[in-house]
Amino acid sequence: HFVHNLIHEEDEMEDKPRHRLQNVGEQGHMALLGHSLAAYISVLDKEQLRKLTTRILSDTTLWLCRLFRYENGSAYLHEDNRDGLVKVCRLIINARYEEYASEGYSVFRSKQPVIYQSASCRPGLGQHLCSQLGLPLSSLCTVPCNTIFGSQHQMDVALLDKLIKEDLEAEKLPLLLIANAGTPGAGHTDKLGRMKDLCDQYNMWFHVEGVNLATLALSDVTSAVMAATRSDSVTLTPGQWLGLPAVTAVTLYRYEDPALSLAAGLTSSQPVEKLRALPLWLSLQYLGHNGIVQKIKDATSLSQQLLQKLKSLASIKILVGYSVNWQLIKNVICLYPLKISCLQLGEQLVQLVPTSGVEVVEFEDEGTYIRFSPLLTAAALGTQQQDIEHMVKRLMELVPVMSSTVSLRQDFREETHRHAASLRYVEKLSWPGLGAVRYQPQEAEGLHESRRKQELEKLNAELLKKLQDLDSDIMFSSGPEFETEDDCIFIGMVTEDVDVSELVETIATLGKEIEESGRLLENMTEVVRKGIMEAELQLQRANEEKLMEEGMLRQLPLVGSVLNWFSPVQSSIKGTTFNLAAGSLDSTEVIYSTKAQASRLSLQDTPTSSSKRLQGMIIHCCCAPL
């Protein structure tokens, strides 16, 4: 209960919705069980522990190598999915620099090692390698992607060959090439076959990573991805692909010298280190070969289903996975809605269809895309075919509305500027709706800053309430939660048949009515104040006249009562009434004589055009003598 409160106390204090948890099925519980079971196993007898952990690690390695077509490989399991590559680099350094174990970093003076990576690789991966290995950033070579031929997300192999030759001429040592079987952004696969040939030619280590490696478990694998099986090492993330929580990443590698593997940290003599494989070992047995293949197949079929449904939408541009061949399996689909912001559409889809797993990605040269990569999200979120249908339905609803909204934004801005006397257009680039305005009358300009801000907030709050009460499909709000300005009115998305000029005119008219009502109320307050002062003066004069008329003795409590009983006095002092609309004091003689209200004021006597609503409002002031 205490841990539960630690998790949710911030959300409850700030009244935020609970975060969505990963969809943990039976196979997920099996993986979690592996962690607790590993703790119990760790207290076994040393010999028993050694035998058991060796069996668990060898079984896991064998199953993964067979499942993903990586023959004769060894496995290193690691929590950080970059750590396997770090250990692989240490292995290569130990192998290529024979005196590294004794001389350390000084061996790099003769030949500086070079690591080659794609411009489309994981952000920060190369920098992380250099920092962990103690290499200067000059040892990192980022190879641009194709710009004319082929995919714009695949490494330019011809340029790579040229860069390697230049480094050799500069007496540097080409050490490692990192390739992608599914780039982190668009899911494209590099030309792995040609890159492997270059590595063989220049005696370089070839490492492959990426989401498309999951398809190696399928019976139908493309030649582009199949080339990854020739690599010297690959990094797999089965936890993501199969929806297994808290399961380590795995780096499969091929190297025959166990001593160097031990020196690099790829193998360990500690049995507890081998227990990392237990959650994955249990999960793989629970799912079985058919279950694992089916999960990967289901994820790729979701991409195919979405792709087929999106082909009919002319407003969507599709950037598809690793091949332009429509018949191949598509693992990653990036959508670019024409004429509208992907950021806005992506945020809407995430809120409306949270189980879809879509996310917004940024490409430096191509802008913003919505990415759907079910191999990374479907198993964890439990994405089903009906979620895809729901997402497409939402897309068909949102794209036309958002497109019309974007096309009408400029008109809305111009119409607002035409009402510059009272309306101010507020630039809000992150707002997905039509725009934001502020009602700001000229009279407010001369007020003190704090008073002015208070008046504007009050006026715009009343205007927002009136707009929300209108019978309209347009949403009016005070903006998103993170918005800091309180005196703005945000207009939501609109359809193409909305008359923007009429909308802006309505906002300006309602704002003016509220402003005039407020001014009238201020005037009425002043009139009432003056009327009360006048009534007090008349009451004082009436009391003085009463004293002169009745004499001093009648004012004494006991004596006055006796005199009034024996000799009643008919007072000549009359009561008065205060007319709120006219702001005048009148005699009550007519009211009490005719038993009717006086209505002598006409419409033209009222202070403003809105005073007809106040006709007949009369305050009776008790100005008659006591």
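The shown structure was predicted, so the numbers you read here are calculated from the model rather than taken from an experiment.

We now examine the overall build of the protein chain. Assigned secondary structure in the protein chain consists of 20 helices and 18 strands. The buried share among the 626 residues of the protein chain stands at 47%. Considering only intrachain contacts with a sequence separation of at least 6, the fraction spanning at least 24 residues in the protein chain is 68%. Surface accessibility of the protein chain: about 33,500 Å² in total, with carbon and sulfur atoms responsible for 53%.

This next bit is on unusual backbone geometry. A positive phi is found at Glu171, a non-glycine position, where the angle reads about 60 degrees. Accessibility expressed as a relative area gives 55% for Glu171, which makes it exposed. Unlike most non-glycine residues, Ala246 shows phi in positive territory, near 60 degrees. Within the secondary structure, Ala246 sits in the loop between α10 (238-242) and β7 (249-253).

Here the focus is the environment of Ser118. The residue Ser118 is located in strand β2 (residues 113-118) in this model. The class for Ser118 is buried, based on a relative accessible area of 1%. Sequence separation between Ser118 and Asp156 is 38 residues, and the spatial gap between their C-alpha atoms is 8.5 Å. Apart from residues lying up to four places away in sequence, Ser118 is in contact with Thr142, Val143, Cys145, Met155, Ile178, Asn180 and Asp190. Polar side-chain contacts of Ser118 include one of 3.0 Å to the backbone nitrogen of Ser120.

Taken together, the seven strands give an open sheet; going across it, the order is β1-β7-β6-β5-β4-β2-β3, and neighbouring strands pair in mixed fashion. At either end of the open sheet lies a strand with only one pairing partner, and these are β1 (74-78) and β3 (140-143). In this sheet, neighbouring strand axes are inclined to one another by 20 degrees on average, regardless of whether the strands run parallel or antiparallel. Pairing of β1 with β7, which is carried by five bridges, proceeds in the antiparallel orientation. Of the residues in β7, the one forming a bridge with His78 is Ala249.

With that settled, the discussion passes to the packing of aromatic side chains. Scanning the entire structure with this criterion turns up nine aromatic pairs. Across the ring face of Tyr70, the terminal group of Arg254 is positioned such that the distance to the ring centre comes to 3.7 Å.

A word on the pattern of salt bridges. Scanning the model with the defined rule gives 15 salt bridges in all. For Lys165, the salt bridge goes to Asp161, with nearest N and O atoms at 3.9 Å. Of the two residues, Lys165 and Asp161 are both situated in helix α7 (residues 157-169); the distance of four residues between them amounts to about one turn of the helix. Glu415 serves as the salt-bridge partner of Arg418, at 2.5 Å between the closest nitrogen and oxygen. One end of the pair is Arg418 and the other is Glu415, both in helix α16 (residues 385-418) and three residues apart, which spans about a single turn. According to the relative accessible area criterion, Glu415 is buried, its value standing at 16%. Here the residues in one salt-bridge network are Lys196, Asp200 and Asp232, joined through shared partners.

With that out of the way, let us pick up the nonpolar core. When a protein is soluble and globular, its nonpolar side chains tend to lie buried together. Of all hydrophobic cores here, the largest spans 69 residues; its most connected members are Phe68, Tyr116, Leu177, Val208, Leu213, Leu252 and Ile296. With ten residues, helix α13 (residues 278-310) is the single largest residue contributor to this core. Discounting residues that sit within four places of it in the chain, Leu177 has contacts with Tyr116, Met155, Leu160, Met195, Cys199, Met204, Trp205, Phe206 and His207.

Low pLDDT marks stretches whose predicted atomic positions should not be read closely. On average, residues of the protein chain carry a pLDDT of 81, and 76% of them reach 70 or more. Between residues 322-330, whose pLDDT stays under 50, and residues either more than four places distant or in other chains, the model counts 23 contacts. Segment residues 596-626: pLDDT under 50, and 49 contacts once partners within four positions in sequence are set aside and those in other chains are kept.

What follows is about a negative patch on the surface. Where like charges cluster on the molecular surface, the negative patch consists of Asp471, Asp473, Glu496 and Asp497. Mapped onto the fold, Asp471 is located in the loop between α17 (449-468) and β14 (476-477). Asp471 sits in the exposed class, given a relative accessible area of 84%.

Covered by surrounding structure in strand β6 (residues 233-236) are Ser233 and Thr235 together with Val234 and Leu236, the residues of both alternating faces. Two strands pair when backbone bridges link them, and strand β5 (residues 205-209) and β6 are joined in this way by three bridges, in the parallel orientation. By the bridge assignment for β6, Val208 is matched with Val234. Inspection of the sheet shows β6 paired to β7 by four bridges, in the antiparallel sense. Within the sheet, the bridge partner assigned to Leu236 lies in β7 and is Val250.

Residue position: Asp387 is located in helix α16. On the basis of relative accessibility, which here comes to 14%, the residue Asp387 falls in the buried class. In this structure Asp387 touches Val353, Thr355 and Gly382, once residues within four positions along its chain are discounted.

Quick look at a nonpolar patch on the surface now. Taken together, the side chains of Phe2, Val3, Leu6 and Ile7 define a hydrophobic patch exposed on the protein surface, amounting to about 440 Å² of accessible area. Along the polypeptide, Leu6 turns up in helix α1 (residues 2-13).

Note on placement: Leu280 falls in helix α13. Residues Leu280 and Ala246, spaced 34 residues apart in sequence, show a C-alpha to C-alpha distance of 9.3 Å. Filtering out sequence-adjacent residues up to four positions away, Leu280 remains in contact with Thr60, Leu64, Leu77, Pro238, Leu244, Val247 and Val250.

The next point concerns the packing of helix α2 (residues 26-41) against α13. One can describe the packing of α2 onto α13 by two numbers: an axis separation of 6 Å at closest approach and a directional angle of 160 degrees. Relative to α13, α2 is oriented roughly antiparallel. The chirality of how α2 crosses α13 is right-handed. Note on element contacts: α13 touches α2 through Leu278, Pro279, Leu282, Ser283, Tyr286, Leu287 and Lys295, opposite Glu26, Gln27, Met30, Ala31, Gly34, His35, Leu37, Ala38 and Ile41. Residue classes in the contact of α2 with α13 are distributed as ten nonpolar, four polar and two charged.

What follows is about the packing of helix α4 (residues 83-96) against helix α6 (residues 125-133). It is at 10 Å that the axes of α4 and α6 come closest, and there the two elements cross at 55 degrees. In terms of their interaxial angle, α4 and α6 are classed as oblique. Like other packed secondary-structure pairs, α4 and α6 cross with a definite hand, here right-handed. Taken together, the residues of α6 that come into contact with α4 (itself represented by Leu85, Val86, Cys89, Arg90 and Ile93) are Leu125, His128, Leu129, Gln132 and Leu133. Broken down by class, the residue content of the contact of α4 with α6 amounts to seven nonpolar, two polar and one charged.

Cut-offs applied
- All residue numbers refer to positions counted from 1 along the written sequence of the respective chain.
- Per-residue local features of the predicted model are confined to residues with pLDDT of at least 70, and side-chain atom pairs are confined, for both listing and counting, to 80 or more; whole-chain, interface and lining totals are unaffected and use all residues.
- With hydrogens and water stripped out, all remaining heavy atoms of the structure feed into the side-chain values.
- Only DSSP runs of H or I with at least four residues qualify as helices, and only runs of E with at least two residues qualify as strands; both kinds are numbered from the N terminus onward.
- With a 1.4 Å probe rolled over the protein chains alone, any residue whose accessible area is under 20% of its type maximum counts as buried; one over 50% counts as exposed, and the rest are partly exposed.
- By definition in these notes, contact holds between two residues if any of their heavy atoms fall within 4.5 Å.
- Method for areas: the Shrake-Rupley scheme with a 1.4 Å probe, in which residue coverage is limited to the protein chains shown.
- Polar contacts, as counted here, are pairs of nitrogen or oxygen atoms within 3.5 Å of one another; within protein the pair requires one atom able to donate a hydrogen and one able to accept it, and residues that are adjacent in sequence qualify only if both atoms are side-chain atoms.
- Strands pair, by our definition, only if DSSP identifies at least two bridges between them.
- Note on geometry: axes are lines fitted to C-alpha atoms, helical ones only across the stretch in contact, with angles between N-to-C directions running from 0 to 180 degrees.
- Two aromatic rings from Phe, Tyr or Trp, using only the six-membered ring of Trp, form a pair when their centres are within 6.5 Å; if the ring planes differ by under 30 degrees the pair is stacked, by over 60 it is edge-to-face, and anything between is tilted.
- Counting as a charge over the ring demands two things of the Lys NZ or Arg CZ atom: a distance within 6 Å of the ring centre and an angle within 35 degrees of the ring normal.
- A pairing counts as a salt bridge when a side-chain nitrogen of Lys or Arg comes within 4 Å of a carboxyl oxygen of Asp or Glu.
- To form a nonpolar core, buried Ala, Val, Leu, Ile, Met, Phe, Trp, Tyr and Cys residues must be joined to one another through side-chain atoms within 4.5 Å.
- Residue-level confidence of the predictor is what pLDDT reports, using numbers from 0 through 100.
- Residues with no salt bridge and a relative accessible area higher than 30% make up the patches, which join like charges within 9 Å and nonpolar side chains (Val, Leu, Ile, Met, Phe, Trp, Tyr) within 5 Å.
- Charged-residue counts in this description rest on Lys and Arg as positive and Asp and Glu as negative, His and the chain ends being excluded.
- One atom stands in for each charge, and that atom is NZ of Lys, CZ of Arg, CG of Asp or CD of Glu.
- Every angle not falling under 35 degrees, over 145, or within 65 to 115 is termed oblique; those three ranges are roughly parallel, roughly antiparallel and roughly perpendicular.
- Should the near helix be turned anticlockwise from the far one by less than a right angle, the crossing is termed left-handed; should it be turned clockwise, right-handed.
- We call Asp, Glu, Lys and Arg charged. Ala, Val, Leu, Ile, Met, Phe, Trp, Tyr, Cys and Pro are nonpolar, and the rest, Gly among them, are polar.

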